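Each chain, letter by letter, is given below.
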Amino acid sequence: MNEIPYKLNFEKLCSELELGDLIGTPTAISGGLLHRTYALVTSLDKYAVKALNPQIMLRPEAVTNYRQSERIANKLADTIAAQPAMIFNGNAVHHIEDQYYLVFQWIDGQTFQSMDITPLHCEQIGTILGQIHRTDCSSILDTSLQPAKQLEIDWNGYVKRGLHENIEWAPLLENHAHKLYEWTAKANTASTILSVDQVISHRDLEPKNVMCRHNKPIIIDWESAGRINPLHDLVETAIYWSVLDTGIVSQVKFMAFVRAYRKQAGEPKADWGMVLNHGYEGKLAWLEYSLKRSLKIECTDQAEQQLGTSQVSGTLESLQRYENMSGEIEGWLNA
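Residues numbered from 1 in each chain as written. Predicted model: local features only at pLDDT ≥ 70, side-chain atom pairs only at ≥ 80, totals over all residues. Heavy atoms only, no water.

A word on the overall build of the protein chain
Rules: Helix and strand definitions here come from DSSP, where helices need a minimum of 4 consecutive H or I residues and strands a minimum of 2 consecutive E residues; each element is numbered from the N-terminal end. Our radius of gyration is a C-alpha quantity, and the globule rule it is checked against amounts to 2.2 Å times the number of residues to the power 0.38. Relative accessibility decides the category of a residue: with a 1.4 Å probe and only protein chains considered, values under 20% of the type maximum give buried, values over 50% give exposed, and everything between is partly exposed. A 1.4 Å probe and the Shrake-Rupley method give the accessible areas. Residues count as covered only by the protein chains that appear here. Counted as positive: Lys and Arg. Counted as negative: Asp and Glu. His and the chain ends are not counted at all. Working definition for charges: the position is that of NZ of Lys, CZ of Arg, CG of Asp or CD of Glu.
A count of helical and extended segments in the protein chain gives 10 helices and 10 strands. Computed over C-alpha atoms, the radius of gyration of the protein chain comes to 20 Å, within 12% of the 20 Å expected from 2.2 N^0.38 for 335 residues, which places it in the range of a compact globule. When the backbone C-alpha atoms are referred to their principal axes, the protein chain occupies close to 55 × 55 × 40 Å. A buried classification covers 51% of the 335 residues belonging to the protein chain. Of the roughly 16,000 Å² of accessible surface on the protein chain, a fraction of 48% belongs to carbon and sulfur atoms. Taking the average place of the 30 positive charges on the side chains of the protein chain and the average place of its 41 negative ones, the gap between the two points comes to 3 Å.

Some words on the pairing of strand β2 (residues 36-41)
For a regular strand, the rule is simple: side chains alternate between the two faces of the sheet. The criterion, for reference: A pair of strands counts as paired when DSSP detects no fewer than two bridges linking them.
Relative to β2, strand β1 (residues 27-29) runs antiparallel, the two sharing three bridges. Directly across from Thr 27, in β2, lies its bridge partner Ala 39. Looking at chain direction, β2 and strand β3 (residues 46-51) are connected through six bridges and run antiparallel. Across the sheet, residue Thr 37 finds its bridge partner in β3, namely Lys 50. The antiparallel hairpin formed by β2 and β3 contains four residues in its connecting segment.

Describing the pattern of salt bridges
Worth spelling out the cut-off: What makes a salt bridge here is a side-chain nitrogen of Lys or Arg within 4 Å of a carboxyl oxygen of Asp or Glu, nothing more.
One pass over the structure, following the stated rule, counts 13 salt bridges. Taking the shortest distance from any N to any O, the salt bridge between Glu 16 and Lys 12 comes out at 3.9 Å. One end of the pair is Glu 16 and the other is Lys 12, both in helix α1 (residues 10-17) and four residues apart, which spans about a single turn. Residues Lys 12 and Glu 97 are paired through a salt bridge, measuring 3.4 Å at the closest nitrogen-oxygen approach.

Concerning the sheet that holds strand β5 (residues 99-105)
The cut-off we apply is this: Structural elements are reduced to axes, namely lines fitted to C-alpha atoms, with helices fitted over the stretch in contact, and the angle between N-to-C directions of any two is expressed from 0 to 180 degrees.
The five strands lie next to each other as β1-β2-β3-β5-β4, forming an open sheet whose pairing is antiparallel. At either end of the open sheet lies a strand with only one pairing partner, and these are β1 and β4 (94-96). For this sheet, the mean angle separating the axes of adjacent strands, direction not counted, is 35 degrees. When β4 meets β5, the two strands line up antiparallel, connected through three bridges. Residue pairing in the sheet places Ile 96 in a bridge with Gln 99 of β5.

Quick look at the packing of helix α3 (residues 119-134) against helix α7 (residues 251-265)
Applied cut-off: For a crossing to be left-handed, the near helix must be turned anticlockwise from the far one by less than a right angle; the clockwise case is right-handed. Two residues form a contact once any of their heavy atoms are found within 4.5 Å.
As a packed pair, α3 and α7 sit with axes 7 Å apart at the nearest point and diverge in direction by 35 degrees. Judged by the sense of rotation from one axis to the other, the crossing of α3 with α7 is right-handed. When α3 is examined against α7, the residues Pro 119, Cys 122, Glu 123, Ile 125, Gly 126, Thr 127, Leu 129, Gly 130, Gln 131, His 133 and Arg 134 are found in contact with a partner set consisting of Val 252, Lys 253, Ala 256, Phe 257, Ala 260, Tyr 261, Gln 264 and Ala 265.

Thoughts on the sheet that holds strand β6 (residues 110-111)
With respect to topology, three strands assemble into an open sheet ordered β6-β8-β9, the strand pairing being antiparallel. Across the chains shown, the open sheet's two edge strands, defined by having one partner strand only, are β6 and β9 (216-219).

Quick look at helix α6 (residues 230-242)
Owing to its 3.6 residues per turn, the α-helix brings residues three or four apart onto one side. This is how the line gets drawn: For a helix, the expected span equals 1.5 Å multiplied by the number of residues minus one. Each polar contact in these results corresponds to two N or O atoms within 3.5 Å; when the atoms are within protein, one needs to be able to donate a hydrogen and the other to accept it, and residues that are neighboring in sequence are counted only if both atoms are side-chain atoms.
Taking 1.5 Å as the rise per residue, α6 with 13 residues should run 18 Å; its terminal C-alpha atoms sit 18 Å apart, in good agreement. With 12 of 13 residues buried, α6 is to be regarded as a mostly interior element. Where α6 begins, one side-chain oxygen reaches toward the backbone nitrogen of Leu 231, 3.0 Å away; that side chain belongs to Asn 229.

This is the structure in structure tokens:
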């Protein structure tokens, strides 16, 4: 497959959106694994500009999904501290010379680092997630149930191709192949059962997607926003905020998050084992996407290919850690 490169033209972006005259060279901002973000300084202001991955934007539903996610962000900004993309001429997604962009006002703040996250931070985000789940978004989004996702992934096919191309992750993927099919089956069963209950949410509320300004959290990066089972969203987000640098989940932080959520959204009744099985889905989907990047099946350039290659081993390790800790987390939730 031919690589689909980024085609960045910040001068034209500034001109068409009347952002001011560009001062200096835009600076790349690290953090995102899907898109590329830059700090732009102009004669009028400072902006964060996200250049959307051109390979992803080839998908027929991509532009519609990004516009929908920004409508969700704008709706929820009435309830919580959220940062939607800036609107120009009625649009949040801007198409300039075959490249799509989102433009944001610059926030002077810092993203959260796992080593600095305290139980109080977990309480803050648990409260925010509960507020998000309680917000009625029916006025801006059809809230009819979204069909359950079913993962259909040929793991053995990826193993075969990886071995043929002598890629570094191939032996590890081969060793995990039986587990990958087992985890996929668990995720598919859980997805079918849990899809009967859905809310509108951010769906990627990791610490990297929260800015801290004056000790108050601001939720950013809403591109994944949409329908999700609330209990799956709760558990996954609580893990994001309570996992330590060692990969172990802190019970104190995890339960601080869950208790704060329950104060907002009520005491949920759940088959927590099924909810935790649903947690394999996103990790497996990310693993497949990383394999596609590494194999140049879905890739913009060499840097993205290398990123995909580096993500494969780490995602496999993450899946194994998740299986190892799921039973313990289920016990916390049932206590």
